[in-house]
Amino acid sequence: MQPKPSPELPKSSSPLWLDRLSLPQFPKLQSDIVVDIAIVGAGITGITAAWLLARDGRRVALLEADRVLQGTTAHTTAKVTVQHDLIYDELLAHVGRTNARLYYEANDEALGFIRDRVSSLEIPCDLTEEEAVLYATTEAGEQKLLREYEAYQSLHMPAALRSDIPFSIDVRKSLAMPGQAQFHPLVYLSTLLQEAVAHGAKVYEQSPASDIHYGEYPEVVTCDGPTITAEKILICSHFPFYDGLGLYYARMQAQRSYIVAAKLGIEWPGGMYISVDGPSRSLRSVVHAGETYALVGGEGHITGQESDTEKHYQALTDFAASHLRTEHIAYRWSTQDLVTVDRLPYIGEISAVQPHVLVATGYKKWGMTTGTAAALILRDLAVGVKNRYTALFAPTRFHADPSLRSFLAQTVNVGSWLVTGKLDKPSREAKDVLPGEGATVQYGGQRAGAWRELDGTLTVLDTTCTHLGCEVMWNAAEHTWDCPCHGSRFAVTGEVIEGPATKPLVRLHG
Ligand code: FES
């Protein structure tokens, strides 16, 4: 089969999930309030926890910095599966059989929870049961897949080992797990949110949290001043807005990856797929506005360590043209994932001395099941119910192997980027930056970041990251300034898009 020429990419980046969707709107927090549980972050974990707790009769306030469901949860591929890439063989080696099985069960319960909610609340989110399939195209990948298959068998997980997948891809082995699912995440979660509100939950948008203060009870302080006092505070804001001396920025790595929605030139055979060899490729189908698309994802890299990010969309488009015979890319978007040093999420007390503040973060790329599992665990911790998964996911854990090696590698990586950025001496000047272009430049004798709007307006920013001082890099595809050290991201005007930074880049001009 001859590959077709690659189609054009859409001009701007926006997830398919947000197209034609009307999300509920909520007011800003205008005055101090007191509740039982304050939840920060209205994505899958925050909304699910709000629904669980409000339904149990707790007074709940859900706080969102921007608009509900517009953050990381809107940028997922929305695979609802316990097949989290290659992980079970590694878990067996590093945390043992009992804990590896617990990881599987926590995520399987989350899958069952979503399935049950869709059924009981009759949510029209196009949930379909699918096989989740890992596939290997190289000998090294095949060996990894065979070890993963043995891990599945050892953990009594459903699995089928095969020698192909139903696409024109030269595959050596595939590993299928039946009974998984896919859905429209925002239709599911906006329904759950409205149900939480019907049970009494209060929701506040455009009310970013800035800190936690301690009195008799802890209180969430917002940037505009009003506070929420609560018995428990649940931090579900992707990167935790409050560190609590937990050093989360040093224990997680921020990674970006890319997704295109490709109109199909073949009949979709069913299933959800992910490659175990690089460059990574993730596939699922979605029917949207009467058309069937393949969501083609992959091309992951550490945030801020590449500037020519357009090439990643192009690589996915080329793959779709070659293997799916697509002639049209309707949507493209990118996402940011947080990976912990031992690849297990952090869910539980933010630190040993702050039992009233709970956190959930570090889901890798598997937020639909892990985010739901986190909500179930946080609900139990918030109301004092024993939960059998708390020790495995406790943020205060420390598994020396492989955590220590990963931790040291990450520290070295951050150190080298700190030095590299400071030595960078751009040759261009701000006046030479063209409309629609961003670049690092020399400005007033220092490295700076310049962006020129199409109307000619120039903005120049100090490229020193306001978190710990690394130099941010230009992200050409998303038109943002990204930090290579801990993954903070800033808009062309300097505002924070993603933490751990909490303050905007300093404006030098414009
Ligand atoms: Fe830590 Fe930029 S995110 S220095």
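Please refer to the structure placed before this passage.
If you're wondering where the values come from, they're calculated on a predicted model, not measured in any experiment. (Residues numbered from 1 in each chain as written. Predicted model: local features only at pLDDT ≥ 70, side-chain atom pairs only at ≥ 80, totals over all residues. Heavy atoms only, no water.)

Caption draft 1: The sheet that holds strand β1 (residues 33-34), seen in detail. Pairing within the open sheet is mixed, and its four strands lie in the order β1-β11-β10-β9. The open sheet terminates on both sides in strands that have one partner only, identified here as β1 and β9 (209-214). Pairing of β9 with strand β10 (residues 218-222) involves five bridges; the strand directions are antiparallel. Following the sheet pairing, Ala209 is matched in β10 by Thr222. (Pairing = 2+ DSSP bridges. Helix = DSSP H or I, 4+ residues; strand = E, 2+ residues; numbered from the N terminus.)

Caption draft 2: Looking closely at the pairing of strand β5 (residues 128-136). Pairing between β5 and strand β7 (residues 173-182): eight bridges, direction antiparallel. Looking at the pairing, Tyr135 lines up with Ser174 of β7.

Caption draft 3: How the structure looks around the sheet that holds strand β18 (residues 346-349). Strand order in this open sheet of six strands is β8-β3-β2-β12-β19-β18, and the pairing throughout is mixed. Since the sheet does not close on itself, it has two edges, and those belong to β8 (202-204) and β18, each with one partner. When the angles between neighbouring strand axes are averaged without regard to direction, this sheet yields 15°. By the bridge criterion, three bridges tie strand β3 (residues 60-63) to β8 in an arrangement that is parallel. Following the sheet pairing, Ala61 is matched in β8 by Lys202. (Axes fitted to C-alpha atoms, helices over the stretch in contact; angles between N-to-C directions.)

Caption draft 4: Representation of the pairing of strand β21 (residues 446-452) within the structure. For β21, the buried fraction is high: six of the seven residues fall into the buried class. With seven bridges connecting them, strand β20 (residues 437-443) and β21 associate as antiparallel partners. Across the sheet, residue Ala439 finds its bridge partner in β21, namely Ala450. Adjacent in sequence and paired antiparallel, β20 and β21 are bridged by two residues, among which Gly444 carries a positive phi angle near 60°. Direction of pairing for β21 relative to strand β22 (residues 458-462): antiparallel, over a ladder of five bridges. Paired with Ala448 across the bridge in β22 is Asp462. (Buried < 20%, exposed > 50% of the residue type's maximum accessible area, 1.4 Å probe, protein only.)

Caption draft 5: Geometry of the environment of Leu21. By the element assignment, Leu21 lies in the segment before β1. With near-sequence residues (within four places) excluded, Leu21 lies in contact with His184, Leu186 and Val187. (Contact = heavy atoms within 4.5 Å.)

Caption draft 6: A look at the environment of Gly444. Inspection of the secondary structure assignment puts Gly444 in the loop between β20 and β21. For the pair Gly444 and Ala430, spaced 14 residues apart in sequence, the C-alpha separation works out to 10.0 Å.

Caption draft 7: Broad picture of the nonpolar core. In terms of nonpolar packing, the biggest core is built from 87 residues, with Ile39, Tyr88, Tyr188, Leu234 and Phe393 touching the most fellow members. No other element matches the twelve residues that helix α2 (residues 88-120) contributes to this core. Residues in contact with Leu234, not counting those within four places in the same chain, are Ile37, Ala38, Ile39, Val40, Ala49, Leu53, Leu358, Leu378 and Ala382. Core analysis: the second largest hydrophobic core is formed by 27 residues, Ala230, Ile233, Ile235 and Tyr346 among them. (Core = buried A, V, L, I, M, F, W, Y, C linked by side-chain atoms within 4.5 Å.)

Caption draft 8: Quick peek at the side chain of Asn387. Mapping Asn387 onto the fold places it in the loop between α7 (367-383) and α8 (390-393). Excluding residues that lie within four positions of it along the chain, Asn387 makes contacts with Leu376, Ile377 and Asp380.

Caption draft 9: Focus on the packing of helix α1 (residues 44-55) against helix α4 (residues 185-198). One way to put it is that α1 packs onto α4 with a least axis distance of 8 Å and a crossing angle of 35°. Crossing of α1 against α4: the hand is left-handed. Taken together, the residues of α4 that come into contact with α1 (itself represented by Ile44, Ile47, Thr48, Ala50, Trp51 and Ala54) are Leu189, Leu192, Leu193, Glu195 and Ala196. Looking at the contact of α1 with α4 residue by residue, the classes come out as nine nonpolar, one polar and one charged. (Left-handed = near helix turned anticlockwise from the far one by under 90°. Nonpolar A, V, L, I, M, F, W, Y, C, P; charged D, E, K, R; others polar.)

Caption draft 10: Examining the pattern of salt bridges more closely. Counting across every chain of the model gives 26 salt bridges. The partner of Asp89 in a salt bridge is Arg147, with the nearest N and O atoms 3.7 Å apart. One end of the pair, Asp89, is in helix α2; the other, Arg147, is in helix α3 (residues 139-154), and 58 residues separate them in sequence. Under the relative-accessibility criterion, Arg147 is labelled partly exposed at 40%. The shortest N-O distance in the salt bridge between Glu109 and Arg388 comes to 2.9 Å. Linking Glu109 in helix α2 with Arg388 in the loop between α7 and α8, this pair joins segments that are 279 residues apart in sequence. Since its relative accessible area comes to 40%, Glu109 is described here as partly exposed. Classification of Arg388 by relative accessible area gives partly exposed; the value is 49%. By sharing partners, the salt bridges in this structure join Arg55, Asp56, Arg379 and Asp380 into a single network. (Salt bridge = Lys/Arg side-chain N within 4 Å of Asp/Glu carboxyl O.)

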